[in-house]
Amino acid sequence: MRYVVGDIQGCFDELQALLDRVGFQPGRDCLYSVGDLVARGPKSLEVLRLFMSLEGSAKMVLGNHDLHLLAVLCGFHKAKKGDQLEAVLAAPERNAIVDYLRRQPLALWLEAPGVLVTHAGLPPHWGIADCLTASTEVEAALQGPDWQQMLEAMYGNEPNSWSPGLQGQDRLRYIINALTRMRFCYPDGALELKCKSSPQEGLKAGLRPWYQFHPQLPFQLAFGHWAALNGQLSRSDIKALDTGCVWGNKLTLWCLETGELLQQAALS
């Protein structure tokens, strides 16, 4: 069986409870994460260790918190207020964690039934080929000789509009923001990266959720990042899997073969 899990954010016990419930077996089953393995929950290191140990049977896309952890581990930024990353920063396998995160993509395409996995969604004006190509560009930069320079330069909200002519760090920054930070867009499709409210509140401010820019997709899309949605999205083609476990709500697991959604309430 293949399972896609929402934002874990260090909620290791809840993840383990879900995996136990479905009888997850490495080698037979595969677990895919929509990103944000780490940050606000109490056991980010345990989550990282699990994914690293199951690398053939557990895959992830990078979320904004995972990328920020990379920057923190490299000394470019400090941990955010509320992050619980002390154990990760002191871990003996710190360098191995850096190497692991550097090898992860921003988007995954899962054949049959055809599911695109990203952390934040699919930007306006992009199709699946645009998304996968953009992810490949960031992967190459993360694994290239100037990867630390890219991490330093990824912070900021500009440019907020996509153009195929974007180059260098501006191009990489847009791709990272679009695939890991996006929730709302302006009416012209430009990214608005500050509002974290519900879709209803965003609409009152003249913003549109990113998914409203897409007609029915010819594939399924799984994303996380937006806890305020609480998994509630009235579209059969898009699965919102961030159900705010780290905020005291639930962790959600989606089985691709059966379509079943399983949830584990926060344990602390």
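Note that the coordinates shown come from a computational prediction; the quantities given were computed from them, not determined experimentally.

J.: Requested: an account of the overall build of the protein chain, with residues and values cited.
T.: Across its full length, the protein chain carries 9 helices and 12 strands. Principal-axis analysis of the C-alpha atoms gives the protein chain an extent of 45 × 40 × 35 Å. Counting every position in the protein chain, which comprises 268 residues, the buried fraction comes to 56%. Within the protein chain, residue pairs in contact and separated by at least 24 positions form 64% of the contacts whose partners lie at least 6 positions apart. Taking the average place of the 24 positive charges on the side chains of the protein chain and the average place of its 28 negative ones, the gap between the two points comes to 4 Å.

J.: Account for the packing of aromatic side chains, with residues named and values stated.
T.: In total, this model carries 9 aromatic pairs according to the counting rule given. Seen from their ring centres, Trp 109 and Phe 219 are 5.8 Å apart, and the 85 degrees between their planes marks the pair as edge-to-face. Of the two residues, Trp 109 sits in strand S4 (residues 107–110) while Phe 219 sits in the loop between strand S8 (208–209) and strand S9 (220–223), which places them 110 residues apart along the sequence. Look at Trp 210 and Tyr 211: their rings are 5.5 Å apart centre to centre, the planes differ by 80 degrees, and that puts the pair in the edge-to-face class. When sorted by exposure, Trp 210 lands in the same class as Tyr 211, which is buried. Positioned over the ring face of Trp 147 is Arg 102, at 4.0 Å from the centre of the ring. Seen from the ring of Phe 213, Arg 208 lies directly overhead, with NZ or CZ sitting 4.1 Å from the centre.

J.: Describe helix H5 (residues 94–102), and please don't skip the residues or the numbers.
T.: Turn by turn, an α-helix covers 3.6 residues, leaving residues three or four places apart pointing in a common direction. Those residues of H5 lying buried are Ile 97, Val 98, Tyr 100, Leu 101 and Arg 102. Packed against the buried residues of H5 are helix H2 (44–53), strand S3 (58–60), helix H3 (64–73), helix H4 (86–89), helix H6 (128–142) and helix H7 (147–153).

J.: Run through the sheet that holds strand S11 (residues 250–255), naming residues and quoting values.
T.: Sheet strands pair by backbone hydrogen bonding; their relative direction is either parallel or antiparallel. Ordered by their spatial adjacency, 5 strands build an open sheet running S3-S2-S1-S11-S12, and the pairing between neighbours is mixed. Each edge of the open sheet carries a strand with a single partner, namely S3 and strand S12 (261–265). Mean inter-strand twist for the sheet, computed between neighbouring axes without regard to direction, equals 20 degrees. Relative to strand S2 (residues 30–33), strand S1 (residues 2–5) runs parallel, the two sharing 4 bridges. Bridging across to S2, Tyr 3 finds its partner in Leu 31.

J.: Please set out the environment of Ile 97 residue by residue, giving values where relevant.
T.: On the secondary structure map, Ile 97 appears in helix H5. Each residue touching Ile 97, except ones within four places of it in the same chain, is listed here: Leu 45, Leu 48, Met 52, Leu 73, Val 88 and Ala 91.

J.: Can you break down the nonpolar core residue by residue, with the values?
T.: Grouped together as the largest cluster of nonpolar side chains are 80 residues, with contacts concentrated most on Leu 15, Leu 31, Phe 51, Leu 101, Leu 122 and Trp 210. Element by element, the count of residues in this core is highest for helix H8 (residues 168–180), at 6 residues. Leave out the neighbours within four places in its chain, and Leu 101 touches Leu 48, Met 60, Leu 62, Asp 66, Leu 69 and Leu 70.

The rules behind these values
Residues numbered from 1 in each chain as written. Predicted model: local features only at pLDDT ≥ 70, side-chain atom pairs only at ≥ 80, totals over all residues. Heavy atoms only, no water. Helix = DSSP H or I, 4+ residues; strand = E, 2+ residues; numbered from the N terminus. Buried < 20%, exposed > 50% of the residue type's maximum accessible area, 1.4 Å probe, protein only. Contact = heavy atoms within 4.5 Å. Lys, Arg positive; Asp, Glu negative; His and termini not counted. Charge placed at Lys NZ, Arg CZ, Asp CG, Glu CD. Phe/Tyr/Trp six-rings, centres within 6.5 Å; stacked < 30°, edge-to-face > 60°. Lys NZ or Arg CZ within 6 Å of the ring centre and 35° of its normal. Pairing = 2+ DSSP bridges. Axes fitted to C-alpha atoms, helices over the stretch in contact; angles between N-to-C directions. Core = buried A, V, L, I, M, F, W, Y, C linked by side-chain atoms within 4.5 Å.

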